[in-house]
Amino acid sequence: MTAVRDRLPNPPLAAVWLVAAVLLIYLPSCFTNQWVIDDYRFIVNNAFLESASGLGDWLRIFSDPYTADPTAGDGIVRPLRTASFLLDLRLFGPEPIAFHLHSLAWHCAAVLLGHRLLTRLVGPAAAFWGALVWALHPMQVESVAWVSSRGDLAMGAFTIGALLLELRSRGRDSWLAGALAAGLIALLWKETAVVLPLLVVAVHRFGPDERHRMGLRDALVRAVPYLVVVAAYLVYRQSVLSGPIEHTRGFVLGGSTAGTFATMFRGFAAYVGFAALPVAPANEWYLPVSTSLLSPTVLLCLALHVALIVGAWRWRVTRPVLALCAALFYVPLIPVANWPFQLGIPTAERFLYLSLLGLALLVATLLRRAPRAWPAVALAVLACGVGSVVRTADWKDDAAAQAVAARHGRSPQVHALRAVHTRLAALEAQADGDDEAAQRLFESALASAHASLDLWHEIEVVSHSRSHVVLSAHTNAADLCIRLGRPGEALWHADQCAAIGDAIFPQTQLNRARALVDLRRGPAARRALIRLAEVTTEFKSAVALGRRAVAMAGHEHKALFEAGAPRRIAGGPPEGYRAALESADLTDFQRAACHEEIGEEQRAAELFASAIAAGGLEREQLERATLAIRRIREGCPDWRDHGLGGDSER
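Quick summary incoming for the structure in this document.

Rules used in this analysis
- Residues numbered from 1 in each chain as written.
- Predicted model: local features only at pLDDT ≥ 70, side-chain atom pairs only at ≥ 80, totals over all residues.
- Heavy atoms only, no water.
- Helix = DSSP H or I, 4+ residues; strand = E, 2+ residues; numbered from the N terminus.
- Buried < 20%, exposed > 50% of the residue type's maximum accessible area, 1.4 Å probe, protein only.
- Expected span 1.5 Å × (residues − 1).
- Contact = heavy atoms within 4.5 Å.
- Axes fitted to C-alpha atoms, helices over the stretch in contact; angles between N-to-C directions.
- Parallel < 35°, antiparallel > 145°, perpendicular 65-115°, else oblique.
- Left-handed = near helix turned anticlockwise from the far one by under 90°.
- Nonpolar A, V, L, I, M, F, W, Y, C, P; charged D, E, K, R; others polar.

### As for unusual backbone geometry
For the bond from Trp 339 to Pro 340, the omega torsion is 5°, close enough to zero to count as cis. Structurally, Pro 340 can be placed in the loop between helix H16 (320–330) and helix H17 (356–369). Phi at Ile 37 is positive, roughly 45°, even though this residue is not glycine. Structurally, Ile 37 is set in the loop between helix H2 (11–30) and helix H3 (38–44). The class of Ile 37 is buried, set by a relative accessible area of 10%. Phi is positive for Asn 338, which is not a glycine, with a value near 70°. Here Asn 338 is to be found in the loop between H16 and H17.

Here it is in structure tokens:
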């Protein structure tokens, strides 16, 4: 080891050198990078952070998940992350610089703790280089440069801290108490720390120190207190949540359990590849799904995992640290494997933050056994640093992050965000009086929303999704279709949202009301506005405008009243239209309108077509019948599913 030791800073200075390296890579970007993607959702547009004051609001962070995500309180329980955002805002104001510096401080803390753990496992000489690899690896940039990912940094730091304290513990002592406390804090930063009990088993079962290495049974016993902490956390988490993760209700990656496993075998293989050679990572990185476990690509990826794990297991006696490397890499990925709990995200760089400690341990172990390989390791560290500097620019702002993700073209979220931004640009052009440019931008935004739907349906392997992941794209598409004068298509998109859950996106019912007004269906529009008032109070001005518009559009049911339909039709309940159908005096058009109002749309389309064929309809009646047939029979003709039902390799 002399060759390595001669090229190390003095042990007391190793930590200084590690922090200096991290600051050299990341500090400049802290002063230039802005808010990106979910930063707006969790920080900038989070009304709770703006209004919170007093101890009651600080405590509310631990009991109300809507303080973390004001758009949907289900699924995210990370109170310490929210508390850290509130602290930054109160101390330093709304500018992103302080937020970035705070996140960087957590990465420095995690690096120092990681270095300490590696030192405990392989000694100080090799540990320094392993810690450098972990600190500067390009796949860590997302976690460090994206403020919303601060939970990964702090969770990693406290998880590693818990392992260090556990290795010092000899049973029921203060070290164990500290380790359990660190584990609980890690969970409150991010739920993926639930793997801590498995990591405790791994470090005791495969630790390189023979004096403290345990058998499997003893290692499992040592993990029991951590299992209790995890169980208590899960009970707390479930008591806080009002339901499962909103955006993944009904979502199944790959369309089935087999598709989920097949896709994640490939996803984990991609993680292995990017850990070893991080040449082309991407923000919001989505894999094309696989649907069969017998796909050649899936079988090849499975063989890779089996070879790595079995190889590490076979060396567990003579080279136990290799088994520990495999455990440190794979175990933190278990919560993000999309089974049995669906995340809606096949792969993401931030999921590797803690896992890359396994790679760092592998590098340190190899260097310990081959000390003269230090120049190659130093070159790898340099390459990692350069790659990370380049990658920090990818998180400069929303546009840069989306551009990077769009290069791969596989992210439905990126297309949905592009639809949002393009729509805003269209509204600006419209306000400036450039209607032609606005029209082009509205069309472009709608195309992006449709692309998002295509990709979501490809990932789910369905033709019509009932998962909450598609709500944003459908909501945008409905608004855009209204602005483009396509109310039938707008109502189709809004109905897709309503069938999934309008309480998540109240805009759904407002879009339905606007489309129904344009389709001259006043009572149905009134019902949509009533439903909007039930699920939110945020659209009062829009509701007021909508009510006036509905009142102006209520005349199309005049024919029904003249035909003797019950007066309660004016209120719009379905029972009124069912009663109207009992009248023998209704025309085909009037019967079609009743069937449409009570949801019997195929029958409505048939009767509207019959009324058109018979002739004699007024202009407004003819327009309504034509739009209804188009909506019912064609849905949204500009959008069709593509690439469903097969592997990406075909």
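Back to the text.
### Remarks on helix H22 (residues 471–483)
Along its 13 residues, H22 runs 19 Å from first to last C-alpha, staying within 8% of the 18 Å computed at 1.5 Å per residue. The buried fraction of H22 is high, at 11 of 13 residues. Turning to H22, its buried residues number three or more, namely Leu 471, Ala 473, His 474, Thr 475, Asn 476, Ala 477, Ala 478, Asp 479, Leu 480, Cys 481 and Ile 482. Where H22 is buried, its residues meet helix H20 (412–431), helix H21 (435–460), helix H23 (487–500) and helix H24 (507–518).

### Some points on the packing of helix H19 (residues 398–408) against H20
For the pair H19 and H20, interaxial distance at closest approach is 10 Å and the crossing angle is 135°. Considering the angle they form, H19 stands oblique to H20. Viewed along their axes, H19 and H20 form a crossing whose handedness is left-handed. On the side of H19, the interface is formed by Asp 398, Gln 402, Ala 405 and Ala 406, while H20 contributes Val 414, Leu 417, Arg 418 and His 421. Taken together, the residues of the contact of H19 with H20 sort by class into four nonpolar, two polar and two charged.

Bear in mind that shape data such as this cannot, by itself, settle questions of function.
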